[in-house]
Amino acid sequence: MRRMLLVLALVWALPSQAGEPPPEAVLADLPFLDSPEPNRIFIDLAHKGYSRALRFMVDTGATHNIATPRAAADLGIRVRRHKQDPYRRKTILGRDVQVHVDTRSSDTGSRTGWEYTLLGGDFMRHYVVEFDFVKHRVRFLDREKFEVPESVTTDGQAVVRIRTPNNRPGVELELNGKTILVLVDTGAPPPILVSGKVADAVGLPESGLPDFATQSTLGPMVSELRMLESLKLGPFLFSDIPAVVNPRGFYNLGMSNDSVIGYELLAQFSRVRIDYHRRRMWLERNPDAVLTFGGRPFESLEGLLTPIEPEPPYESPN
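Cut-off values and rules
- Residues numbered from 1 in each chain as written.
- Predicted model: local features only at pLDDT ≥ 70, side-chain atom pairs only at ≥ 80, totals over all residues.
- Heavy atoms only, no water.
- Helix = DSSP H or I, 4+ residues; strand = E, 2+ residues; numbered from the N terminus.
- Buried < 20%, exposed > 50% of the residue type's maximum accessible area, 1.4 Å probe, protein only.
- Contact = heavy atoms within 4.5 Å.
- Areas by Shrake-Rupley, 256 points an atom, 1.4 Å probe, with all protein chains shown as cover.
- Pairing = 2+ DSSP bridges.
- Axes fitted to C-alpha atoms, helices over the stretch in contact; angles between N-to-C directions.
- pLDDT = per-residue confidence, 0-100.
- Core = buried A, V, L, I, M, F, W, Y, C linked by side-chain atoms within 4.5 Å.
- Phe/Tyr/Trp six-rings, centres within 6.5 Å; stacked < 30°, edge-to-face > 60°.
- Salt bridge = Lys/Arg side-chain N within 4 Å of Asp/Glu carboxyl O.

1. Looking at the overall build of the protein
Secondary structure assignment for the protein yields 5 helices and 21 strands. Counting only residues that meet the buried cut, the protein has 49% of its 318 residues in that class. Look at the contacts in the protein between residues 6 or more apart in sequence, and 68% of them connect residues 24 or more apart. Just so you have it, the protein exposes about 16900 Å², and 50% of that area is on carbon and sulfur atoms.

Here it is, written out as structure tokens:
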């Protein structure tokens, strides 16, 4: 009996495999919706039989589910200026989504001109959420029936520890060999955005390219483009990554150092699973992935800010 117990203990001590979740663990399997922005994720959470779509941008960088007034109206919400508690809508998952509507400046529109509905960590923390960047699908998995394991041994896969302050996943990266905590933000399109302090700390040389404006939920920011020599996430190493630098920070939208990794870096993996409850993230590298910036294959920094010349007007040969 002692020998049997010892053998079993050794078996359970081995790293587990990140197998496929059983069918009963899959609560919803939703496609990415069509969008003019190829580097953002939109899904429809409407429950079956509901005539109105419940369209959200999946934003792991958001603490809560937030909508601007005009976008909230598209969800069938009648916005009341002085309502403090969130609005509720039934979802395909059987859990109501609680939507906070930002009426600080207006109850009819956004103060930045950008209308949005964000699905944030307040909702996703109840699940293991899988992003499939090859099939363009999001799966919500029952955390009681499936979990991201502590480690894996399969080639091309890895499990990394995450932090989840305010229901937002943060992970440690090595940027040019220096360890930096960043926010995992599916709502941010670029591969990586860093603050000026982080750019200086990891030695990102200035590119000499002109500044440009980027948009956030809090308004426009002045940004720069620089080249990051190396980025390591778990065991996965990436080289020559275009980085957006916000010299004055990111309006505290990132972690403590105002830095995030976005969609176009996460899309270098075929699948990503975030287990909020157990603070683990599983990654499966896609060897065929092409690094993009702004939705286009990345070639050089210089080409990113070059104006596109209009085609000459068509002239008939006759």
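2. Considering the sheet that holds strand β9 (residues 137-142)
Across the sheet, which stays open at both edges, the 6 strands sit in the order β1-β9-β8-β18-β19-β10 with antiparallel pairing between neighbours. Of all strands in the sheet, those bounded by a partner on one side alone are β1 (26-31) and β10 (157-161). Sheet twist, expressed as the mean angle between neighbouring strand axes with direction ignored, is 15°. Where strand β8 (residues 127-132) and β9 come together, 6 bridges link them in antiparallel fashion. The partner of Val129 across the bridge, within β9, is Phe140.

3. Remarks on the sheet that holds strand β3 (residues 55-58)
One open sheet holds the 6 strands; their spatial order is β2-β3-β7-β4-β6-β5, and the pairing between them is mixed. The open sheet terminates on both sides in strands that have one partner only, identified here as β2 (42-44) and β5 (87-89). Each neighbouring strand pair of the sheet contributes to a mean axis angle of 35°, computed without reference to strand direction.

4. Brief notes about the confidence of the model for the protein
On average, the protein scores 86 in pLDDT, and the residues at 70 or more come to 84%. Note that residues 1-17 has pLDDT below 50 and, in this model, 12 contacts with residues that lie over four places away or in other chains. Confidence drops under a pLDDT of 50 for residues 306-318, and excluding neighbours within four residues, the segment shows 1 contact in the predicted structure.

5. Describing the nonpolar core
Formed by 73 residues in total, the largest nonpolar core has its most connected members in Leu45, Phe140, Val171, Leu175, Ile192, Leu231 and Ile261. No other element matches the 6 residues that strand β16 (residues 236-246) contributes to this core. By size, the runner-up hydrophobic cluster in this structure holds 8 residues, among which are Val128, Phe146, Val148 and Val152.

6. With respect to the packing of aromatic side chains
The full count for this structure, using the stated rule, is 8 aromatic pairs. Plain terms: the ring middles of Tyr127 and Phe140 are 5.6 Å apart, the flat faces sit at 80° to each other, and that makes the pair edge-to-face. Pair noted here: Tyr127 is in strand β8 and Phe140 is in strand β9, with a separation of 13 residues, a long-range link. Each of the two residues, Tyr127 as well as Phe140, counts as buried. The interplanar angle of 25° and the centroid separation of 6.4 Å between the aromatic rings of Phe131 and Phe133 together place this pair among those described as stacked. Through a chain of ring-to-ring contacts, the aromatic side chains of Phe32, Phe131, Phe133 and Tyr263 assemble into a single cluster.

7. Examining the environment of Val245
Mapped onto the secondary structure, Val245 falls in strand β16. C-alpha of Val245 to C-alpha of Ser195: the two residues are 50 residues apart in sequence and 5.6 Å apart in space. When sequence neighbours within four positions are dropped, the list of residues in contact with Val245 reads Val194, Ser195, Gly196, Ala199, Leu204, Val222, Ser223, Glu224 and Arg226.

8. A word on the pattern of salt bridges
According to the stated counting rule, one finds 19 salt bridges in the structure shown. Measuring nitrogen to oxygen at the nearest pair gives 3.7 Å for the salt bridge that ties Arg125 to Asp122. The class for Arg125 is partly exposed, based on a relative accessible area of 32%. One network of salt bridges, in which partners are shared, links Glu20, Glu130, Arg139, Arg271, Arg273 and Glu284.

9. Remarks on the environment of Tyr127
The buried category is assigned to Tyr127, whose relative accessible area is 4%. Separated by 13 residues in the primary sequence, Tyr127 and Phe140 have C-alpha atoms spaced 6.1 Å apart. The residues contacting Tyr127, other than those within four sequence positions of it, are Leu27, Leu93, Arg95, Phe140, Leu141, Ile274 and Tyr276.

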